[in-house]
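Take a look at the letters that make up each chain.
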Amino acid sequence: MNSTKPISVAPIHVAIVGAGLSGAACAAGLRGAGVLVTSFDKSRDVGGRMATQRSRWVDRMGAECPVSFDHGAQCFTAARPRFQAVMARAVAAGHALRWQPLVHAARSSEIERCYVAQPSTSALCGHLLAGTSLRLNSTVRRLLRNGDGAWFVATDDAPLAGPFDHVVVALPPAQAAVLLAGHQDAWAASTAARRMDPCMTLMAVTDDVDWPWDAAEPDRGPLAWVLRNDRLPGRAAKAGYALWTAHATAEWSAEHLEASPEDVKDALQAALRALLPSTGYAHEPVQWHHAETHRWRYAGPSLECENAFDGGEAWWDESLGLGVCGDWLCGGGVEAAWHSGDELADVMAASIECAENATEPEWALS
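Heads up: these notes are all about the structure in this document. (Residues numbered from 1 in each chain as written. Predicted model: local features only at pLDDT ≥ 70, side-chain atom pairs only at ≥ 80, totals over all residues. Heavy atoms only, no water.)

## A word on helix 1 (residues 21–32)
Formally: Numbering goes from the N terminus for both helices and strands, where a helix is a DSSP run of H or I of at least four residues and a strand is a run of E of at least two. Expected helix span is computed as 1.5 Å times (number of residues minus one). Each residue is placed in one exposure class: buried if its accessible area under a 1.4 Å probe, protein chains only, is under 20% of its type's maximum, exposed if it is over 50%, and partly exposed if it falls in between.
Between its first and last C-alpha atoms helix 1 spans 16 Å; for 12 residues at 1.5 Å apiece the expected length is 16 Å, and the two agree. Restricting attention to buried positions, one finds in helix 1 the residues Leu-21, Ser-22, Gly-23, Ala-24, Ala-25, Cys-26, Ala-27 and Leu-30. Gly-34 occupies a position one or two residues after helix 1 and carries a positive phi of about 85°.

See the structure below:
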């Protein structure tokens, strides 16, 4: 009687550079296929352009108050069946809520049927990255591949990380191009040519005002989107105060990309002030308690470049074990980011399964 000895196969280990939604979706898909994942991100938290800014401000009584601003992609739609299914599960699990905001001068009816992640916008990425080894505050400078095909990740804060069997770049195109150069030069050239629009964002706390809208899309001036952040479902509000997040237009942001934060803050405060009514107390102008800005250098694909690529929702080079994903590959936005990362995970998992089956000894199948 013949006996067979179980085969011990080391699990595949993948490095993903970027912990925004696209990288998080890729990580979740790979983990579901039994792959080990280590995610790297330069920020102190996950989320990418779905990040949450945490700050502190001082109220009228001199008390210091914590505050969180959803200063990236605050709400989003789900049009395609797979992402609709993902969001339905997220709602059932308490990770997201459906929302129908009251938007002044909305340019699209789509915003009327949207989702909001819970308890913050970055939390959706956090849920997808559960079980992933995270390396935050780690700026990746280079990717290296040795003669055996193993990948290593060079960061600012530690020795080389690795070896990894495969690596995924889930970054805006300008940043991705730097890491791809020398490994996949055709991709590096394509990503370097891809333009992303910037967005300057104001985060502020004021006295409460009689402002009936949850959000507004001004049709003139530097602001493209103004949100009462404290009216997002599930967000904390402090009585007598209003929390604001205001995004500047792409054109204004590009013109002021290198301006000082103080100048940007002054200009965006003035623009927001012009939209708000008086406090109602003898028609006094609104009082400001806190204001800060954030520069999104790569906020979303430029309109003129939206259809620049026809290479699919994600890129995978099986010979190198190198993948690329991101919303900029398929039109931009939260849903596009998820689809790109999920698509790449599917392609990689199939490739890994085929490779394992091809190298499995024939006797092990009996």
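## Digging into the nonpolar core
Short version of the rule: By nonpolar core we mean a set of buried residues, namely Ala, Val, Leu, Ile, Met, Phe, Trp, Tyr and Cys, connected to one another through side-chain atoms within 4.5 Å.
If you look at the biggest cluster of nonpolar residues, it comprises 39 residues, and the most contacted ones within it are Ile-16, Leu-21, Cys-26 and Leu-30. Among the elements of the structure, strand 1 (13–17), helix 1, helix 2 (81–92), strand 7 (114–117), helix 3 (123–128), strand 18 (314–317) and helix 8 (334–359) are those that each provide at least two residues to this core. Ranked by residues supplied to this core, first place goes to helix 8 with 7 residues. Counting residues in hydrophobic clusters, the runner-up holds 24 residues, among them Val-153, Val-167, Trp-328 and Leu-329.

## Digging into the sheet that holds strand 18
Where strands meet in a sheet, backbone hydrogen bonds hold them as pairs that are either parallel or antiparallel. What counts is decided by this rule: Two strands are said to pair when DSSP picks up at least two bridges between them. Fitted lines through C-alpha atoms give the axes, limited to the stretch in contact for helices. The angle between two N-to-C directions lies from 0 to 180 degrees. Any two residues whose heavy atoms approach within 4.5 Å are treated as being in contact.
The strand order across the open sheet built from 6 strands is 8-2-1-12-19-18, with neighbouring strands paired in mixed fashion. The outermost strands of the open sheet, each flanked by one partner alone, are strand 8 (133–135) and strand 18. The average undirected angle you get between the axes of adjacent strands in this sheet is 15°. As defined by bridge partners, strand 12 (residues 166–169) adjoins strand 19 (residues 322–325) across 3 bridges and the pair is classed as parallel. Opposite Val-167, over in strand 19, you have Leu-322 as the bridge partner. Against the sheet, helix 1 engages strand 1, strand 2 (36–40), strand 12 and strand 19, with an angle of about 170° to strand 1. Relative to the sheet, helix 5 (residues 185–192) contacts strand 18 and strand 19, its axis offset from that of strand 18 by approximately 160°.

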